[in-house]
Amino acid sequence: MVGLLLFGPVLAAYIYYEVHSVEVKKYTVPIKGLPAAFDGFTILHLSDLHAKEYGREQKGLIGLIHRHE
C-alpha cells in the first residue's frame, strides 16, 4: 500500500517533467565544398512536441529558439 502511495507522486513528477522539458542538441557538420553564402548557416529541427505547451502562444519555446540562434 505504501508503494502505491509513493508511486502516484513520482508518476506525477515524471509526467510534469516530460511535458515541460526540452532537450537541445547542437551539432557542427562540416560540409566540403559548401558555398560561402552558407557559412554559419543554422538549421533548426523540432520534433516530438506532443501535447507540450511552453506558455501562452508557445512564447517559451520561441524564446528558447531565439536563445540558440
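About the criteria used
- Residues numbered from 1 in each chain as written.
- Predicted model: local features only at pLDDT ≥ 70, side-chain atom pairs only at ≥ 80, totals over all residues.
- Heavy atoms only, no water.
- Phe/Tyr/Trp six-rings, centres within 6.5 Å; stacked < 30°, edge-to-face > 60°.
- Salt bridge = Lys/Arg side-chain N within 4 Å of Asp/Glu carboxyl O.
- Buried < 20%, exposed > 50% of the residue type's maximum accessible area, 1.4 Å probe, protein only.
- Helix = DSSP H or I, 4+ residues; strand = E, 2+ residues; numbered from the N terminus.

A. Summary view of the packing of aromatic side chains. Going through the model one piece at a time under the given rule, you end up with 1 aromatic pair. Between the aromatic rings of Phe-38 and Phe-41, the centroid separation amounts to 5.4 Å while the plane-to-plane angle is 85 degrees, which identifies the pairing as edge-to-face.

B. Region of interest: the pattern of salt bridges. Tallied over the full model, the rule gives 1 salt bridge. Glu-23 serves as the salt-bridge partner of Lys-25, at 3.6 Å between the closest nitrogen and oxygen. Like Lys-25, the residue Glu-23 is exposed in the burial classification.

C. Representation of the environment of Thr-28 within the structure. Note on placement: Thr-28 falls in the loop between helix H1 (2–20) and helix H2 (59–67). Distance in space between the C-alpha atoms of Thr-28 and His-50 is 27 Å, their sequence separation being 22 residues.

D. Region of the structure containing unusual backbone geometry. Despite not being glycine, Glu-57 shows a phi value in the positive range, around 55 degrees. Looking at where Glu-57 falls in the secondary structure, it is placed in the loop between H1 and H2. Here Glu-57 falls in the exposed class, since its relative accessible area comes to 59%. Look at Gln-58: it is not a glycine, yet its phi comes out positive at around 60 degrees. Positionally, Gln-58 belongs in the loop between H1 and H2. Assessed through its relative accessible area of 28%, Gln-58 is described here as partly exposed.

E. The arrangement of the environment of Leu-46 in detail. Relative to the assigned elements, Leu-46 resides in the loop between H1 and H2. C-alpha of Leu-46 to C-alpha of Val-24: the two residues are 22 residues apart in sequence and 9.5 Å apart in space.

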